[in-house]
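Examination of the molecular architecture
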Amino acid sequence: MSFELEQPSLSEQFEQLMQANDLQAIRRFLDDQNISDVADLIYENPDYEAQIIANMAINRAAAVFKILDLARQKQIVHELPSFKTAELLNELPADDRTDFLEELPKEVIRDLIKLLDPEERKVTLSMLGYPEDSVGRLMTPGYIYVYPFNTIEQVLNIIRKVGKNSETIDVIYVINRKGELIDDLRIRDIILALPDKKIEDLMDERVIALHVNDDQEHANEVFKMNNRVALPVTDSNNILLGIVTIDDMLWVANEEFSEDIQKIGGTEALDEPYLDTPLFKLVRKRAGWLIVLFLGELLTATAMAHFNDEITKATVLAMFIPLIMSSGGNSGSQASTLIIQAMAVGDIILADWWRVMRREILSGLLLGSILGLIGFIRIGIWHFLMQHGIIEDLYKEHWLLIAISVGISLIGVVLWGTLSGSMLPIILKKFGADPAVSSAPFVATLVDVTGIVIYFSIAYLFLQGILL
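So, here is what we can say about the structure in this document. Since this is a predicted model, take the numbers as computed values, not measurements.

So, on to the overall build of the chain. Regarding its fold elements, the chain presents 20 helices and 6 strands. A burial count over the chain gives 43% of its 468 residues as buried. Restricting the contact set of the chain to residue pairs at least 6 apart, pairs at least 24 apart contribute 67%. For the chain, the computed accessible surface area is about 25,600 Å², with 58% contributed by carbon and sulfur atoms.

The structure is reproduced here in structure tokens:
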């Protein structure tokens, strides 16, 4: 009988090498692993994170560094010797370097920029000069450009010469003598063309470009709609400044998704991972919205105080207040979450507001009718049990009017909740605000206040002169 020995994990192998203190073996081991596996090693061995980066080939170290979270990147740079930090920052692609630096305090940025080579420093300062969250912060100067009069043979020689230092060679950009963008060509079109053919013979001049000051979220939409791996970035004079690649857009999409989810939950977006966020900063991010929501709920108390006489006369109505409030809040939360998500992925634009409203009116009526019917049946069943002495009789002979009041109130409150939850994100977007701000807790609080008014108004209509 043979027993198969279990292979030690990568973390265990690394631990053994670190204990042996064999730097050559450590370097060979790290350089043989996948980039993602090395990143996992860093997360699993936080005491060795700087040593892992320092003992890798610099190009692989940069590849690992750029996929780490910000908190880990900061810690590594803090622990690395200055010369290693300089090597790492100079090796990073310009867009990834800028993305890292823009999250640091100004005095730290100033010190780190001094470590850059003159050319890299010039590029970095230029990119940091663009507005935050703009395409200019994402673009990289690592692209290949050619002229219309170049032959295919000349272009292939250019690719061989400068392609190694380019972010991507999948797309080749065509400019004129002024540096203006004319067209972009896929590499396959160039490879398949005859050597003596000129670039101008392949051009169709149907180029899609981003403006350097475009919002990153807008750039993400352009990528998605045009199925591109890279897009050129130009200024107001159509001068080609750089390119943005799909990997940058994936990071942007992930950040936007995380930010929207946090806002939908009723908190400010976190700038770093949850566990790396200092406690007092986390409290500050959450306290603002909680205070706003608390003040909103105070309006609910005010609304109930307004109907205090009605509650005193018919205490049975107070039993259904939580039912009414939660139903309206839940329907509003559902609607706001659906609309925010649909707007985020481009399924809904501002011009669709009337279509959304019509659908939500019908949805609200149907959903409200379902809940209203359930509420009506519930009161009927309880009345039956009360009539047979199983439970205390609270409804008396007016149970039917109470059931009708609750049922119709549920229809009204759910309808109002769906309308509020669906329209609020669209209204905010119309005025330039982030739709995610209309979070589920915010909508629920808004509907709580109005739900009380709707409920007691309908109850007063049916029970006036009887219980009220």
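Under the definition given, this model contains 8 aromatic pairs. Taking the centre distance of 5.4 Å and the plane angle of 85 degrees together, the rings of Phe65 and Phe100 count as edge-to-face. Taken together, the residues span a long stretch of sequence, with Phe65 in helix H5 (residues 58-65) and Phe100 in helix H8 (residues 94-101) at a distance of 35 residues. The class for Phe100 is buried, based on a relative accessible area of 2%. When the ring of Tyr455 is compared with that of Phe456, the centres are 5.1 Å apart and the planes differ by 50 degrees; the resulting orientation is tilted. In this pair, the class of Tyr455 matches that of Phe456, namely buried. Positioned above the aromatic ring of Tyr147, the side-chain terminus of Arg177 is 5.0 Å from the ring centre. When the ring centre of Trp382 is taken as origin, the NZ or CZ atom of Arg378, which lies over that ring, is 4.2 Å away.

In space, the 3 strands of this open sheet follow the order E4-E5-E6, with mixed pairing throughout. With one partner strand each, in any of the chains shown, strand E4 (210-211) and strand E6 (240-245) form the two edges of the open sheet.

Moving on to the packing of H8 against helix H10 (residues 118-128). Contact pair H8 / H10: the axes reach a minimum separation of 10 Å and the direction vectors enclose 60 degrees. Considering the angle they form, H8 stands oblique to H10. The two elements H8 and H10 meet at a crossing, and its hand is right-handed. Side by side, H8 and H10 meet where Ala94, Asp95, Arg97, Thr98 and Leu101 of the first sit next to Glu120, Val123, Thr124, Met127 and Leu128 of the second.

With that settled, consider a nonpolar patch on the surface. Residues Leu373, Ile377, Ile381, Trp382, Ile390 and Ile391 make up a contiguous nonpolar surface patch of roughly 550 Å² in combined accessible area. Assignment of secondary structure puts Ile381 in helix H18 (residues 353-387).

With that settled, the discussion passes to the packing of helix H3 (residues 35-44) against H5. As a packed pair, H3 and H5 sit with axes 9 Å apart at the nearest point and diverge in direction by 70 degrees. Between H3 and H5, the angle falls in the class roughly perpendicular. For H3 against H5, the interelement crossing comes out right-handed. For the pair H3 and H5, contact is made by Ile35, Val38, Ala39 and Ile42 and by Arg60, Ala63 and Val64, respectively.

Along the polypeptide, Thr300 turns up in helix H15 (residues 279-306). For Thr300, a relative accessible area of 4% gives the class buried. Remark: the alpha-carbon pair of Thr300 and Val449, spanning 149 residues in sequence, is separated by 4.5 Å. Contacts of Thr300, omitting those with residues within four sequence positions, involve Met325, Asp448, Val449 and Ile452.

In this section: unusual backbone geometry. At Asp133, a residue that is not glycine, the phi angle is positive and equals roughly 65 degrees. For Asn238, which is not a glycine, the phi torsion comes out positive at approximately 65 degrees. Position of Asn238 among the secondary structure elements: in the loop between strand E5 (230-234) and E6. A relative accessible area of 31% means that Asn238 is categorised as partly exposed.

Taken as a whole, this structure holds 9 salt bridges when the rule is applied. A salt bridge links Arg60 to Asp31, with the shortest nitrogen-to-oxygen separation between them at 3.5 Å. Taken together, the residues Arg60 in helix H5 and Asp31 in helix H2 (residues 23-32) connect sequence positions 29 residues apart. With a relative accessible area of 22%, Asp31 lands in the partly exposed category. Between Lys84 and Glu87 there is a salt bridge, with the nearest N and O atoms lying 3.5 Å from each other. Here Lys84 and its partner Glu87 are both found in helix H7 (residues 82-91), 3 residues apart, which amounts to about one turn of the helix.

Below, the discussion takes up the pairing of E6. Burial within E6 is extensive, with 5 of its 6 residues counted as buried. Two strands pair when backbone bridges link them, and E5 and E6 are joined in this way by 5 bridges, in the antiparallel orientation. Each residue of the ladder has a partner; that of Leu231, found in E6, is Val244. With antiparallel pairing between neighbouring strands as the criterion, E5 and E6 make up a hairpin whose turn holds 5 residues, including Asn238 at a positive phi of roughly 65 degrees.

Structurally, Arg137 is set in the loop between H10 and strand E1 (145-146). When the C-alpha positions of Arg137 and Val212 are compared, they lie 8.4 Å apart, and in sequence the two are 75 residues distant. Excluding residues within four positions of it along the chain, Arg137 makes contact with Asp95, Thr98, Glu102, Met127, Leu128, Tyr130, Pro131, Glu132 and Gln216. Looking at Arg137, its side chain comes within polar contact range of the main-chain oxygen of Leu128, at 3.2 Å.

On the secondary structure map, Lys164 appears in the loop between helix H11 (152-162) and strand E2 (171-175). According to the relative accessible area criterion, Lys164 is exposed, its value standing at 79%. Sequence separation between Lys164 and Gly142 is 22 residues, and the spatial gap between their C-alpha atoms is 9.5 Å.

Basis of the calculations
Residues numbered from 1 in each chain as written. Predicted model: local features only at pLDDT ≥ 70, side-chain atom pairs only at ≥ 80, totals over all residues. Heavy atoms only, no water. Helix = DSSP H or I, 4+ residues; strand = E, 2+ residues; numbered from the N terminus. Buried < 20%, exposed > 50% of the residue type's maximum accessible area, 1.4 Å probe, protein only. Contact = heavy atoms within 4.5 Å. Areas by Shrake-Rupley, 256 points an atom, 1.4 Å probe, with all protein chains shown as cover. Phe/Tyr/Trp six-rings, centres within 6.5 Å; stacked < 30°, edge-to-face > 60°. Lys NZ or Arg CZ within 6 Å of the ring centre and 35° of its normal. Pairing = 2+ DSSP bridges. Axes fitted to C-alpha atoms, helices over the stretch in contact; angles between N-to-C directions. Parallel < 35°, antiparallel > 145°, perpendicular 65-115°, else oblique. Left-handed = near helix turned anticlockwise from the far one by under 90°. Patch = residues over 30% accessible without salt bridge, like charges linked within 9 Å, V, L, I, M, F, W, Y side chains within 5 Å. Salt bridge = Lys/Arg side-chain N within 4 Å of Asp/Glu carboxyl O. Polar contact = N/O pair within 3.5 Å; in protein donor to acceptor, adjacent residues only side chain to side chain.

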